[in-house]
Every structure is written in C-alpha cells, then in structure tokens.
Amino acid sequence: MSSDKKTIMMMCPKLTCRKVLHVPETARGKSIKCRSCGTICRVPEGPASAKAG
Ligand SMILES: [Zn+2]
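So, the environment of Gly46
So, step 1. For Gly46, the location among the structural elements is in the segment after strand S4 (40–42).
So, step 2. Separated by 17 residues in sequence, Gly46 and Gly29 have C-alpha atoms that sit 8.7 Å apart.

Structure follows, in structure tokens:
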C-alpha cells in the first residue's frame, strides 16, 4: 500500500512481552516505549536487516 512512511519492526526486549513494535524511521537512535508493557527500548540506528541467523 503506502510505502511512503517507512517503519522499523523491532521486538520488545522484555522476555515476557516480546511484542513486535512498529516504530517510524524517524525514531532511529531514540528510545521508544513498548505500548504493551511500557518497557523503554532503544531503536537501533542501523538498518534492521537481520539476514544472518
Ligand atoms: Zn513490551
């Protein structure tokens, strides 16, 4: 659909939550709050292309 706004997908670091968070690219290098558990997690600055397992 609209590929205008890029978003980053990251997983909540809290083991009991592990919710996938969608954050805007503008949040790179910043800290966001998990909307599920409220844990503060840092958004990685680099591209989140995790190909290597
Ligand atoms: Zn969480």
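Read on for the rest.
Some points on the pairing of strand S1 (residues 7–11)
So, step 1. Burial of S1 is sparse: only 0 of the 5 residues sit out of reach of the surface.
So, step 2. Relative to strand S2 (residues 20–24), S1 runs antiparallel, the two being bridged by 5 bridges. Each residue of the ladder has a partner; that of Met11, found in S2, is Val20.

Some remarks on the environment of Lys14
So, step 1. Relative to the helices and strands, Lys14 is located in the loop between S1 and S2.
So, step 2. Placed 25 residues apart in sequence, Lys14 and Thr39 show a C-alpha to C-alpha distance of 7.1 Å.
So, step 3. Among residues more than four places away in sequence, those in contact with Lys14 are Cys34, Cys37 and Thr39.

Reading the values: the criteria
- Residues numbered from 1 in each chain as written.
- Predicted model: local features only at pLDDT ≥ 70, side-chain atom pairs only at ≥ 80, totals over all residues.
- Helix = DSSP H or I, 4+ residues; strand = E, 2+ residues; numbered from the N terminus.
- Buried ≥ 20, exposed ≤ 12 C-beta atoms within 10 Å, placed from the backbone.
- Pairing = 2+ DSSP bridges.
- Contact = placed C-beta atoms within 7 Å.

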